[in-house]
Amino acid sequence: MDRGVVVVRLLRLRYCRHHPRSLFKDEEGFTTAGVALALLITLSLIFTSGQVYRVGSASADVQNVADATALAAQNEVAEFMIVVRACDAVVLSLSLTGIVATGLGVAALCTPATAAASETLLKAGREVMRARDAFADKAAAGLNHLQKALPFLAAASAASIASANGGGPMGAAYLGLAVLVPADGDEIAVDAVEGVHDLADDIDQEANDIKQAAADAERAAQEANEWKERAFRRDCGDDPSYCMFERAHALAGLGGSDNPRYASVDAWSFSVALDRARTYYAHRLAEEAPQGSSVEEQARSALRERFYAFASSEVARGYVRETAGSFDALFPHLPKNTEQMRATALYTEGVYPISISGDGSVMHAWEGCPEASGAAGRGSIAQMEQGGFPRCAQCGFSAASMGKVAAASTSIENGFEYHYEAVAQAADAYQKARAELDPLTSEVKGKAGGLFDRCLDMLRKVGGKRIDAAPPGRFGVVAFVVNTKAAAASTGFASGYVREAGSLGARAAVSAATLVAEPSDEGKNVLSSLLDGLEGSGGAMSGALGIVLDCWSGLLRAYLDGQQAVEGSIERALGALPLASASGLGTWAASALEKAVGALGLQPAKLDALKPVVVNSAHVAGADGGSFSTRFLAVKARAIATPLSSTDLFSSVVTSAEAAALDSIAGLGGTIEIASIRLFGDEGPSIPITIVLPQAAQDAAAGLISDIADGVRALYAQVTGVRTWE
């Protein structure tokens with residue numbers, strides 16, 4: 001006996017004992033029958049509503065699974081684009097590395113110390129560019145193979161996700177089929193960098209000339225630097241020992257800016273010594289005075305004054321004109337003996353008084369000589385020697401008197417002139433060495449500078465030689481999902497208040513997804529992880545090849561960080577080469593290469609994260625003009641307009657999706673090697689870029705795709721017209 005019969009009987013007993021109007025209500029309030037009936041109605045409504053909600057929820061689950069299936073399928077396209085970016089990063093980095101290695105080879109030609117490494121670097125540049133071209137070709141082929149497999153990978157992923165959502169309270173069993181829109185991708189191809197091999201050939205032709213000129217320049221520079229070092233030490237570098245600086249301070253009391261001291265030859269120049277001499281002789285001329293009252297001492301002071309005046313005028317006409325590429329200087333030489341004095345203006349200037357005596361004309365050292373009173377004129381030392389003048393008994397003036405003025409201070413190291421003459425001789429030798437060095441330096445800079453400019457042109461070209469992809473599914477994916485499991489309507493929610501009747505039959509849904517770029521660091525982080533693996537796969541190499549390999553490792557980051565990574569890699573590579581040289585050409589070459597690279601202005605790649613999102617299926621299909629999309633839109637329009645129409649058109653859509661997936665399976669294994677990187681030929685490291693297929697794809701086979709398509713077609717045939725597509 002069920003509960004409904006018991007309640008009715010109780011109501012009947014109550015009705016017999018009371019007035020009919022008091023069956024549900026009396027003076028005391030609600031009757032027992034009224035309360036029981038109210039409870040019965042309430043419970044029936046609650047359980048009925050719950051059952052309705054349960055049925056609706058179970059029916060709606062298929063749409064949620066369809067959404068998840070579409071997202072999973074489209075995620076395969078997102079992961080494909082990550083592989084494309086990784087290959088693009090490798091192509092870019094290899095292009096940069098090959099050209100940078102070539103530039104490093106040119107820089108190495110500029111110094112004898114690195115000339116041997118230049119051959120290795122230039123060869124490495126060629127090999128890296130060949131490796132770049134080989135990798136680009138293999139990567140294009142591998143990516144084309146992978147993108148042909150994308151429809152199958154998407155279908156396998158969709159089937160896996162749909163199946164994983166089975167079970168649950170309703171015992172669902174889902175089949176999912178996804179088709180990428182469009183089903184075919186554009187062919188991927190990467191062009192070679194034009195002109196890079198011509199550049200390498202031209203460098204080979206110029207290499208010997210640059211190398212020889214750099215070697216000759218180094219020899220001349222070493223000689224020039226030795227003379228400059230010697231001049232520096234004689235001017236002020238030997239302080240506190242005898243030198244121009246010390247003698248000027250001790251003999252003339254010069255200090256401060258009148259007598260500067262430099263601690264290093266790098267900061268010193270020949271003009272410092274010339275200016276010091278000018279100041280010294282001007283000061284000695286102004287301060288000269290006899291050191292005693294004797295006629296001999298007064299005569300010597302007068303001759304010293306003549307010498308200082310002469311020296312001051314001589315150094316005043318001196319000059320130093322120096323630039324990075326030229327040196328021209330004049331350090332007038334002062335006489336250090338009588339013979340040298342005869343070749344100067346001291347010998348010919350007519351400034352000495354001449355008196356007449358019984359012995360004839362007598363020449364005096366200065367007008368203050370006691371015998372010079374009443375002098376009849378003035379003459380020169382040359383006249384005195386030519387005329388055979390007798391020597392003055394008081395001052396004893398002769399040619400030797402003037403010759404001895406500078407003799408002592410020029411011949412021994414405690415004299416200022418001794419060190420000035422050493423600087424003057426060093427300046428002459430330095431100028432001669434520079435006359436040989438500067439043309440050689442100009443030759444090296446001209447040839448190497450032109451090659452650096454061409455390297456910059458090549459670096460700019462590689463920015464357009466990149467890998468770009470328009471894969472299957474670039475507009476999105478359409479997913480078809482069915483629940484093949486029929487279940488009683490009361491499954492998971494059985495109740496005595498709702499009659500056990502009816503069942504939930506096949507349920508079906510369609511969903512779609514597409515990729516959107518989301519500004520975040522996720523895309524950069526994913527690629528960074530891939531590049532980290534490549535950076536650590538090259539092994540250890542020493543010497544010039546090690547420099548190139550380290551450079552490539554750093555230039556992989558150029559894809560992520562742009563110009564900053566390029567400049568950092570160049571700086572580290574140049575730092576590993578011993579480019580310091582006497583000629584300065586190594587330093588110049590490093591600076592020129594850094595300047596060329598600095599003008600590149602490479603920007604980081606756009607690495608927004610690609611996220612699959614659910615969208616209206618009409619938006620995805622409407623972006624493509626292929627046969628699948630055309631059929632799909634027609635079926636969807638017909639299903640909305642005439643829900644009870646036949647399933648023939650729908651079956652053709654599923655069949656098209658099945659064909660796209662099956663066509664992409666041919667030749668597909670568990671892994672796909674996109675390409676391998678082999679630097680420096682067989683001797684260098686080989687680094688493969690391999691894609692391991694998802695387990696769902698490895699387990700799937702053509703039969704699985706066909707079975708799913710058959711199941712979807714069969715079940716949609718049962719429900720077309722019952723559910724309007726979303």
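These figures come from a predicted structure and were not determined experimentally. Residues take numbers from 1 onward in each chain, read along the sequence in its written order. Predicted model: local features are reported for residues with pLDDT of at least 70 only, side-chain atom pairs are reported and counted for 80 or more only, and whole-chain, interface and lining totals are derived from all residues. With hydrogens and water stripped out, all remaining heavy atoms of the structure feed into the side-chain values.

(A) The arrangement of the overall build of the chain in detail. A count of helical and extended segments in the chain gives 23 helices and 15 strands. Across the 726 residues of the chain, 48% fall into the buried class. Here, two residues are considered to be in contact whenever any of their heavy atoms come within 4.5 Å of each other. Expressed as a percentage of contacts within the chain between residues at least 6 apart in sequence, the contacts between residues at least 24 apart total 78%. Per-residue and other accessible areas were derived by the Shrake-Rupley procedure at a 1.4 Å probe size, with only the shown protein chains allowed to occlude residues. Counting only carbon and sulfur atoms, one obtains 51% of the accessible surface of the chain, whose full area is about 32900 Å². The way it works is that DSSP assigns letters per residue, a run of H or I at least four long becomes a helix, a run of E at least two long becomes a strand, and they are numbered from the N terminus. When a residue's accessible area, from a 1.4 Å probe over protein chains only, is under 20% of the maximum for its type it is buried; when over 50% it is exposed; and in between it is partly exposed.

(B) Structural view of the nonpolar core. Put simply, buried Ala, Val, Leu, Ile, Met, Phe, Trp, Tyr and Cys residues joined by side-chain atoms within 4.5 Å make one nonpolar core. Counting residues in hydrophobic clusters, the biggest one holds 103 residues, and the most contacted among them are Phe80, Leu96, Ile99, Leu104, Leu143, Phe452 and Ile467. No other element matches helix H2 (residues 32-108), which puts 22 residues into this core. Setting aside its immediate chain neighbours within four residues, leucine 96 contacts Leu459, Val462, Leu555, Ala558, Val566, Leu600 and Leu602. By size, the runner-up hydrophobic cluster in this structure holds 60 residues, among which are Leu254, Ala302, Ala311 and Tyr347.

(C) View of the pattern of salt bridges. Each salt bridge in this description consists of a side-chain nitrogen of Lys or Arg and a carboxyl oxygen of Asp or Glu lying within 4 Å of one another. Summed over all chains, the structure comprises 26 salt bridges. Across the salt bridge formed by arginine 304 and glutamate 297, the nearest N and O atoms sit 3.1 Å from each other. Overall, glutamate 297 belongs to the buried group, its relative accessible area being 8%. The salt bridge partner of glutamate 443 is lysine 447, with a shortest N-O separation of 3.4 Å. Residue glutamate 443 and its partner lysine 447 are both found in helix H13 (residues 416-462); the two are separated by four residues, about one turn of the helix. Residues participating in the shared-partner salt-bridge network are Glu206, Asp209, Glu443 and Lys447.

(D) Local environment of unusual backbone geometry. That bond from valine 181 to proline 182 is cis: its omega, -5°, falls within 30 degrees of zero. Looking at the secondary structure, you find proline 182 in the loop between strand S3 (174-181) and helix H4 (196-237). The amide bond that connects aspartate 239 to the next residue, proline 240, takes the cis arrangement and shows omega of 15°. Secondary-structure assignment places proline 240 in the loop between H4 and helix H5 (244-252).

(E) Structural context of the packing of aromatic side chains. When the centres of two rings from Phe, Tyr and Trp lie within 6.5 Å, Trp using its six-membered ring, the rings pair. Their planes under 30 degrees apart give stacked, over 60 give edge-to-face, and anything left gives tilted. This structure, assessed with the given rule, holds 14 aromatic pairs. Residues phenylalanine 270 and phenylalanine 327 carry aromatic rings whose centres are separated by 5.5 Å and whose planes lie at 55° to one another, so their mutual orientation is tilted. Here phenylalanine 270, found in helix H6 (residues 270-287), pairs with phenylalanine 327, found in strand S5 (residues 326-330); they are 57 residues apart in sequence, far enough to count as distant. What links up through ring pairs into an aromatic cluster is the set Phe232, Trp268, Phe270, Phe327, Phe331, Tyr420 and Tyr430. Here, a charge over a ring means that NZ of Lys or CZ of Arg falls within 6 Å of the ring centre while also lying within 35 degrees of the ring normal. Taking NZ or CZ as reference, arginine 321 lies 3.8 Å from the ring centre of tyrosine 319, over its face. When the ring centre of phenylalanine 475 is taken as origin, the NZ or CZ atom of arginine 474, which lies over that ring, is 5.3 Å away.

(F) Spotlight on the pairing of S3. When you tally the buried positions in S3, you get seven out of eight residues, the bulk of the element. At least two bridges found by DSSP between two strands is the condition for calling them paired. In this sheet, strand S9 (residues 476-483) lies alongside S3 in antiparallel orientation, the contact comprising eight bridges. Across the sheet, residue leucine 180 finds its bridge partner in S9, namely valine 477.

(G) Expanded view of the environment of glutamine 603. Here glutamine 603 lies in the loop between helix H18 (585-598) and strand S13 (609-615). Relative accessible area serves as the criterion here: at 61%, glutamine 603 is assigned to the exposed category.

(H) Main features of the packing of H5 against H6. Every axis in this analysis is a line fitted to C-alpha atoms, fitted for helices over the stretch in contact. Angles between the N-to-C directions lie between 0 and 180 degrees. Remark: H5 packs on H6, axes separated minimally by 11 Å, with the N-to-C direction vectors making an angle of 15°. On the basis of the axis angle, H5 is roughly parallel to H6. Once H5 is placed against H6, the crossing between them reads as left-handed. Along its contact with H5, which presents Met244, Phe245, Arg247, Ala248, Leu251 and Ala252, the element H6 presents Ala273, Arg276, Ala277, Tyr280, His283 and Arg284. Considered class by class, the residues forming the contact of H5 with H6 number eight nonpolar, one polar and three charged. By definition in this entry, angles of less than 35 degrees are roughly parallel, angles greater than 145 are roughly antiparallel, angles of 65 to 115 are roughly perpendicular, and the rest are oblique. Handedness of a crossing is defined here by the sense of rotation of the near helix relative to the far one, left-handed for an anticlockwise turn of less than a right angle and right-handed for a clockwise turn. Residue polarity is assigned by list, with Asp, Glu, Lys and Arg as charged and Ala, Val, Leu, Ile, Met, Phe, Trp, Tyr, Cys and Pro as nonpolar; anything else, Gly included, falls into the polar class.

(I) Spotlight on the packing of helix H3 (residues 115-164) against H4. Packing of H3 against H4 brings their axes to within 11 Å, and their N-to-C directions diverge by 175°. Here H3 lies roughly antiparallel to H4, going by the angle between them. Mapping the contact onto sequence places Ala115, Ser118, Leu122, Arg126, Met129, Arg130 and Asp133 in H3 and Val196, His197, Ala200, Asp201, Ile203, Asp204 and Lys211 in H4. When the residues that make up the contact of H3 with H4 are grouped by side-chain class, the tally is six nonpolar, two polar and six charged.

(J) Just the confidence of the model for the chain, in detail. Here pLDDT means the predictor's own confidence in every residue, given as a number from 0 to 100. Averaged over the chain, the pLDDT score is 79; the fraction of residues at 70 or greater is 71%. Averaged over each element, pLDDT in the chain is lowest for helix H1 (residues 3-17) (43) and highest for H6 (96). A low-confidence stretch, residues 644-650 stays under pLDDT 50, and its non-local contacts, those more than four residues away or across chains, total 16 contacts. Note on residues 715-726: pLDDT is under 50 here. Beyond four places in sequence and across chains, it has 36 contacts.

(K) Broad picture of the side chain of glutamate 246. Within the secondary structure, glutamate 246 is located in helix H5. Not counting residues up to four positions away in its chain, the partners in contact with glutamate 246 are Asp239, Pro240 and Ser241.

(L) Representation of the state of the cysteines within the structure. Two cysteine sulfur atoms make up a disulfide if the distance between them is within 2.5 Å. Tallied over the entire structure, the rule returns zero disulfides. No disulfide involves cysteine 236; its sulfur sits 6.7 Å from that of cysteine 243, the nearest cysteine.

(M) Structural detail: the sheet that holds strand S7 (residues 360-363). Spatially, S7-S6-S8 is the arrangement adopted by the three strands of the open sheet, whose pairing is antiparallel. Two strands bound the open sheet, and with one partner strand each, they are S7 and strand S8 (377-379). When strand polarity is set aside, the average angle formed by the axes of neighbouring strands in this sheet is 45°. With three bridges connecting them, strand S6 (residues 352-357) and S8 associate as antiparallel partners. Of the residues in S8, the one forming a bridge with isoleucine 354 is glycine 377.

(N) Looking closely at the environment of aspartate 608. Along the chain, aspartate 608 turns up in the loop between H18 and S13. The buried category is assigned to aspartate 608, whose relative accessible area is 15%. For the pair aspartate 608 and proline 519, spaced 89 residues apart in the sequence, the C-alpha separation amounts to 4.9 Å.

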